[in-house]
Amino acid sequence: MSSEFQGVIKELSAQVLQSRNASFKLHPQLKSAMSRTESVLQSLLRQKISTDFKVKCSVGNGNWAAVPWVCALNPSVTNSTQEGHYLSILFRNDLKAVFVGLGIGVTKYQSSGRSGKQLIDDHVAKLRMAVIERKELNVDHDLIWDSDFDLKVTGRLPDDYKRATIFTRMFEIDNLPDDEALLDYLVVIDNASNAIKSEFVRLQNEFEKGREEPVLSDEDEREEIALGTILWDEHL
């Protein structure tokens, strides 16, 4: 079986590992690895899922990302990683594993003040139940169904990425499944994403009615300045 996806993920990890000890720069080899990762994932999704997904890879913006990521957006749900729900691939900070699952955009929550984290927790819990209750989805219960997975780094942004994950599964990069087996799992993620559409819209409508003015703590503000980017807040 083909393992093209494993190949591009390994190459991307190697390029980031080699590059991030220096100042941030997207050199040609890294750009090529990012582009190939996007292209291979998009081609893989087209094999069984008709939607023309928009795929974006990020290793940072001005500063190296603590958690590089790849996201695949269904245009019927969202066109931006800032909002909606989508397939997310989070690289562990040591670049030896990835977490592949279903996540939500956190920008609106981050700008909603001190209640943002509580709102994310509440909404993600309800979206998890919306997936679990759909028995026909045949979602494996050995997936990670909480935010208790280890990205090997802490901080406001990595913690929010975990908090905003509905479910995920860890794969060691050296032991990723072949493309066919991985695609079967990606179909599960897409089916779950489709199943939560109405509940997500309901939650967002409630959220918009009660938004607060943003209030960042001094620590959060320092982290924003140091990192220079909010990974899932990048415009696509």
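You'll find the structure just up there.
Residues numbered from 1 in each chain as written. Predicted model: local features only at pLDDT ≥ 70, side-chain atom pairs only at ≥ 80, totals over all residues. Heavy atoms only, no water.

Caption draft 1: Seen up close, the state of the cysteines. For the structure shown, the criterion picks out zero disulfides. Here cysteine 57 is not cross-linked by a disulfide; its sulfur's nearest cysteine counterpart is in cysteine 71, at 9.5 Å. A residue is classified by how much of its surface remains accessible, and cysteine 71, at 0% relative accessible area, is buried. (Disulfide = S-S within 2.5 Å. Buried < 20%, exposed > 50% of the residue type's maximum accessible area, 1.4 Å probe, protein only.)

Caption draft 2: Focus on unusual backbone geometry. One non-glycine residue with positive phi stands out, namely leucine 95, at about 65°. The topology assignment puts leucine 95 in the loop between β3 (85-91) and β4 (97-104). (Helix = DSSP H or I, 4+ residues; strand = E, 2+ residues; numbered from the N terminus.)

Caption draft 3: Geometry of the pairing of β4. Burial analysis of β4 places eight of its eight residues in the buried class, the great majority of the element. Every second residue of β4 is oriented toward a common face, with Ala97, Phe99, Gly101 and Gly103 on one face and Val98, Val100, Leu102 and Ile104 on the other, all of them buried. Pairing between β3 and β4: seven bridges, direction antiparallel. Residue pairing across strands places serine 88 opposite glycine 101, the latter belonging to β4. (Pairing = 2+ DSSP bridges.)

Caption draft 4: Up close: the packing of helix α4 (residues 116-132) against helix α7 (residues 197-209). Contact geometry of α4 with α7 gives a least axis separation of 10 Å together with a crossing angle of 160°. The angle between α4 and α7 falls in the class roughly antiparallel. Pair α4 / α7 crosses with right-handed handedness. When α4 is examined against α7, the residues Leu119, His123, Lys126, Leu127 and Ala130 are found in contact with a partner set consisting of Glu199, Phe200, Arg202, Leu203, Gln204 and Phe207. Residues that form the contact of α4 with α7 fall into these classes: six nonpolar, two polar and three charged. (Axes fitted to C-alpha atoms, helices over the stretch in contact; angles between N-to-C directions. Parallel < 35°, antiparallel > 145°, perpendicular 65-115°, else oblique. Left-handed = near helix turned anticlockwise from the far one by under 90°. Contact = heavy atoms within 4.5 Å. Nonpolar A, V, L, I, M, F, W, Y, C, P; charged D, E, K, R; others polar.)

Caption draft 5: Layout of the environment of serine 43. On the secondary structure map, serine 43 appears in helix α2 (residues 28-48). In this structure serine 43 comes out as partly exposed when scored by relative accessible area, which is 38%. With 38 residues separating them in the primary sequence, serine 43 and phenylalanine 5 have C-alpha atoms 10.0 Å apart.

Caption draft 6: Looking closely at the nonpolar core. Core analysis: the biggest nonpolar cluster contains 56 residues, and Phe5, Leu12, Leu41, Val98, Phe167 and Leu186 have the highest contact counts within it. Counting residues in each nonpolar core, the second largest holds eleven residues, with Val67, Tyr86, Phe99 and Tyr161 among its members. (Core = buried A, V, L, I, M, F, W, Y, C linked by side-chain atoms within 4.5 Å.)

Caption draft 7: Molecular detail of the pairing of strand β5 (residues 165-172). Burial analysis of β5 places six of its eight residues in the buried class, the great majority of the element. Bridging between β4 and β5 involves seven bridges; their strand directions are antiparallel. Its bridge partner lying in β5, valine 100 is registered against arginine 169.

Caption draft 8: Focus on the packing of helix α1 (residues 4-19) against α2. Where α1 contacts α2, the axes come no closer than 9 Å and their chain directions differ by 155°. In terms of orientation, α1 and α2 fall into the roughly antiparallel class. Between α1 and α2 lies a crossing of left-handed hand. Seen from α1, the contacting residues are Glu4, Phe5, Val8, Ile9, Glu11, Leu12, Gln15, Val16 and Ser19; seen from α2, they are Gln29, Leu30, Ala33, Met34, Arg36, Thr37, Val40, Leu41 and Leu44.

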